[in-house]
Amino acid sequence: MSLHPTILSLPVAIPLLFGALGMLIQSLPLARRLQIQQTLVGIAIGANLVVAVILLVSALTGGPVAYQMGLWVPPFGITVYLDAMTGIMLTMVGLLSVLIYPFALATIDAERARLGFFPMMLFLLMGANGAFITGDLFNLYVFYEVLLMASFVLLTIGGTPSQINGGIRYVVLNLMGSMMLLLGAGIAYGTLGTLNMAHIAVRMADAPYPVQAMIGGLLLIAFGAKAALFPVFFWLPSSYHTPHPAVTALFSGVLTKVGMYSMFRVFPLFFPWLLNSWQPLLMTIAGLTMVIGVLGAFAQPTIRRLLSFHIISQIGYMLMGLAVAMTPNPYGIGFGLALAILFLVHNQIVKTALLLGGGAVELEMGTGKLNELGGLVKLRPVQATIFFIAAFALAGFPPTSGFIGKLGLLEVTFSSGQWVIAGVSVFVSLLTTMSMIRLWQYIFWGKPHRQPLTPRRQAHSNQALMTTAPVVILVVLSLLIGVVAQPMLDVAQTAANQAIDRAAYVKAVNPELTEQDLRIAPPDLHLSNTPHPAQVAGR
Amino acid sequence: MTEIYLRLVDKILTPIIILIAIFLFLRGHDLPGGGFIAGLVAASAIELTILARGAEATRDRYGPWLIPLAGLGLVAAATAALLGLYGGGFFRSIWLEFYVFDDKLKFGTPQLFDLGVMFVVIGMALTYLLRLSEAAEATAVKQAALEERVEESRL
Amino acid sequence: MTAFMLALLVGVLFACGAYLILQRGQIKLVLGLSLLTHAVNLALFGTGTLTRGAPPIVSEETESLGAAILFTSYADPLPQALILTAIVISFGVTAFIVALVFRRDALTGSDLLPGELAAVINTSDPFAEFSLRMKLPDAADDYDILQYELDEVYDHPESEAEVAHE
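All of these numbers come straight from a predicted model, not from anything done at the bench. (Residues numbered from 1 in each chain as written. Chains lettered and ligands numbered in written order. Predicted model: local features only at pLDDT ≥ 70, side-chain atom pairs only at ≥ 80, totals over all residues. Heavy atoms only, no water.)

### Here's the deal with the overall build of chain C
Rules: Strands are runs of DSSP state E lasting at least two residues, helices are runs of H or I lasting at least four, and both sets are numbered from the N terminus onward. Type-normalised accessible area, obtained with a 1.4 Å probe on protein chains alone, sets the label of each residue: buried when under 20%, exposed when over 50%, and partly exposed for intermediate values. Surface accessibility follows the Shrake-Rupley procedure with a 1.4 Å probe radius. Residue values consider only the protein chains on display as shielding.
Scanning chain C for helices and strands turns up eight helices and zero strands. Reading chain C from its N end, one meets helices and strands in the order α-α-α-α-α-α-α-α. The proportion of buried residues among the 166 residues of chain C is 39%. For chain C, the exposed surface amounts to about 9300 Å²; the carbon and sulfur share of it is 67%.

### Some words on unusual backbone geometry
All names here are of chain A. Each neighbour pair has its own omega, and for Pro398 with Pro399 the value is 5°, a cis peptide bond. By secondary structure assignment, the location of Pro399 is in the loop between helix H16 (381-395) and helix H17 (401-415). With a phi angle near 65°, Ala228 is a residue other than glycine that sits in the positive phi range. Examined against the element boundaries, Ala228 turns out to sit in the loop between helix H9 (209-227) and helix H10 (245-270).

### Some details on the interface of chain C and chain A
The cut-off we apply is this: Contact criterion: two residues are considered in contact whenever any of their non-hydrogen atoms come within 4.5 Å of each other. The quantity reported as buried area is the accessible area (1.4 Å probe) lost by two parts once they are put together, taken as the sum for both. When a carboxyl oxygen of Asp or Glu lies within 4 Å of a side-chain nitrogen of Lys or Arg, that pair is called a salt bridge. Pairing of N or O atoms within 3.5 Å defines a polar contact, subject to two protein rules: one partner must be a possible hydrogen donor and the other a possible acceptor, and residues neighboring in sequence count only if both atoms are side-chain atoms.
Taken residue by residue, the interface counts 39 residues in chain C and 35 residues in chain A. Around 3200 Å² of area is buried between chain C and chain A when both sides are counted, 77% of it from carbon and sulfur atoms. Linking chain C to chain A there are zero salt bridges. Remark: the boundary between chain C and chain A carries zero residue pairs in polar contact (both at pLDDT 80 or more).

### Details of the confidence of the model for chain A
This is how it is decided: One number per residue, pLDDT, summarises how confident the predictor is, and it ranges from 0 to 100.
Summary statistics for chain A give a mean pLDDT of 86 and a share of 93% for residues scoring 70 or more. Counting contacts from residues 519-539 of chain A, a segment whose pLDDT is below 50, to residues more than four positions away or on other chains yields 29 contacts.

### Some thoughts on the interface of chain B and chain A
So the rule is basically this: Residues were grouped as follows: Ala, Val, Leu, Ile, Met, Phe, Trp, Tyr, Cys and Pro as nonpolar; Asp, Glu, Lys and Arg as charged; and all remaining residues, including Gly, as polar.
Listed by partner, the interface residues are 18 residues for chain B and 16 residues for chain A. For the pair chain B and chain A, the summed buried surface comes to about 1500 Å²; carbon and sulfur atoms form 81% of the total. The tally of links from chain B across to chain A stands at zero residue pairs in polar contact (both at pLDDT 80 or more). Considering every element that reaches the side of chain B that touches chain A, the biggest residue donor is helix H4 (residues 66-83) of chain B, with nine residues. Residue composition of the side of chain B that touches chain A, by class: 14 nonpolar, three polar and one charged.

In C-alpha cells form, the structure reads like this:
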C-alpha cells in the first residue's frame, strides 16, 4: 500500500493542533471548557490511532518511507522516517492513549481537569510520536524535551507534597539524561558533521573507534536514563507512584518505552558492531536491571510502587533482546530484536493493564497500601480475575503474551551462547511470579480490612464500566498475542529486519546516495538476512 | 507593593518596550531578531508592570489570557506548518512579496510561525513570572507579620 | 589555544555543576543544573568551527559570490541554532524546577527534601542545615530512613499547614 508521504507529519500535527486548541479555550467557564477539551482530546486520540494504524499497515506492506519536513534536501532539513517498528510503536501508544482516556475521563478530579490535564495528555502524545518518527538526532532531543515537559506537568498537576517531591527528582534526573543526549548529538555533529540519522549511519563506519565509543556511550547513558536502566533508574520508583493512576499508567506505557525504542532505533542503525563488542556491558546492565528491579519490588508496601519497580525489571529483558540482536544464531540476525519488540509491546499492554487495575482499586479504596487492602475478590470478582490474568501475563505464564515473549527471548539468548543472562532472566521470572502472587494476594485475597470509600464521588455516571473496560480490553489483547503468536512474531520479525537494514534506511532517506556511500558495514560483520541453515531445517 | 516612581516608569516605559518587541519581531528572519527574543522582551515589559503594580493587579489584568495566548501561539505555529501543505509539503514556507512605493514587503508562513513562538513565550514566561512574584509577595507579607509579632512579644 | 580554553571551561563548568548538584539544598541544585546546561551549550558551541567570518546570512549581494566563498568564510550557523533551541528548552525546564522548589518551600518552610530531612533527624548531623524557623512536624518520629519514601509520612496535611504557617 502506498500513500502520500505527507501523512507522516500527521502523528505530530494532530496532537499539536488539538492540544493547542484545548489551551486556547482555557479562559472559558469551567464546565463548558472541560466539555470542549474532552471532546477535542477524544477526537485527537481517535484520529491519531487511525493514522497510526494506516502507517503501520503501509510500513508492513510497502517498506520504509522517509519524508523531508519543508521539502529541504536531505540531510539539511528534518527527516521523518517510518518503518514497521515505528508503526508498531505509534499504534501501541495510540491504542494505550485511547484506552486510558475513558479511565481518565471517569476518575480525574475537577482540580486536575481544571489545570489542563487533557491538553497535556495530547502534548505527551505529540512528544512520544515525534520521538518515534523523527530521523534527526537533534530533533529527537527536542521531542524528548516536549515529552518530558508534558510529563513534568502531568506528574505534578494537583500539587500534593509527595507529587512535588517526586517531581523534583524526576525533573532533575531526566534533565541530566537529556543533557547527555544533547552532548551526544553535539559530539556527533562536531566529529561527523551531520545530525541526520541516515547520514550519521553512513559516516559512522569510517569514524575512529573513540568517536564511536563516545557517541555510543553518551547515547547509551541518555536513553538508559529515559528507559530506566540499571544505574540511572532512580527517578522512576521515586516519582511514578505519586500522580493520578491514569497518569502513571500512561507514563508506564509511553515514557520508558520511548527510551527503549530509541535504543532499538539508534544502535542497530549507527553502530551494530558495538552491540557485539559491547555485549558483556549490555548484558551486565540488563541483568542488574532485572535483578535489582524485581528485588526492589519485594520491599515495596504500596501497589504502584511495587509495579513501578517491575517496570524497571522488565526493561532489562528488552535490553537483553537488543544485546543479542546482532549475534549470529540459528534464527537469523535480528531475531533478538524482533523478540525485544514483541516483549516491549507485551509489556506496554500488561503493565498498563496492571497499573489501571491497581489504580482503580486505589481510587476506590482510598489507599494503595498493601497491608490495608484485602478481600476484594468477593466485592469485585471481575477486577480480581482480570488483575490475576494480567499479573500472570507479566510473570510469563501461558497462554498470555508474556509467555511468548519470555520464551522467545530465552531461546534466542541460549542459542546465542549467553547462558548467564538466560539463567538470570529465568530466576527473575520466578521472583516476578512470587511478587505478583504476593501483590494479588494482598489486594484481593483474605479478609477485607476496609470498605470502599462511600459515598463514591462519581465523576462520571458509569464509572465502573469506564475503569474496568480498558483493563479487560488490554488483558484480552495480551491473551490474543499469546494465542495467535505466529502472526505477531512475523510482524515483529519484519519490524526487526527493517530496523537492522541500514542500507534501506539510508536509501529511503536519500535515494541519490551511490553504492559507494552505502558501503556502511564494517567488513568483519555479516549483516545479511539470509536464514541460517538450522532455521530453514527447523521449518 | 506600589512604588510611585516605578508606576510612572511603568506607564512610560512599558509601551516603548512593547514597541521594541514588535520591532524585533518584524526584523526577524533576515536580520537578528525574531519571535523568541521579541516574546522575551514583551514579557520583560509586563514584568515591569508586575514590579510596579504588584502581582495581584497584573494577574487581574492579564492572568486569564496567558494560557489562551500560548494556545493561540501553538495554533498559529501548527497553522503555519499546515499552510505549508499548499506549497507542497508540511512546514514548507510560502512567501508573498509585494512592493509599496519601491519598498519590498514580504509576508510568509515562517513569520506566522514566529508570531506563534512569540505568543507562546509571552504566555509561558508571564505565567512563570506571575507565579513566582505571587509566591514572593506572599512570603514577604508573612515575613512582615512575623516580624511584627516578634516586636510585640519583645515589648 | 581557543579550543583548549573552551574545553577547559566546559570541564570546569561540568565539575562545578556536578559539585553543586551533589550538595544538600535545592537552590544549589537549581544553580548546579543551570551550570550543567551552560556546560553542554558551550560544548555544542565548540562543535562548530571557531572561525571569524561574516554572519551566515545570505543577502542578495553575497548570493552572487557563489557557493565556494559561502562555505569557506562563513561561520557555521548550525551550532548557534542548536544552542538557541537548547537554551530555550533548559530555560523552560529550569523555570519549572524553580516553581517546584518554591512550592516545596512554601509547603515545608525548608530547603530540604524529606529524604534529606530524614538523614538530618536520624543522624543528628551537626553540620546539617537545621534552622530554628523550621519546626518539625509531629510525625517527625516517623522519619525513618527506610520509610521516608512513603507518602503518608510527609503527606500530613495538618502538620504541613502548621509548618507552612511558621
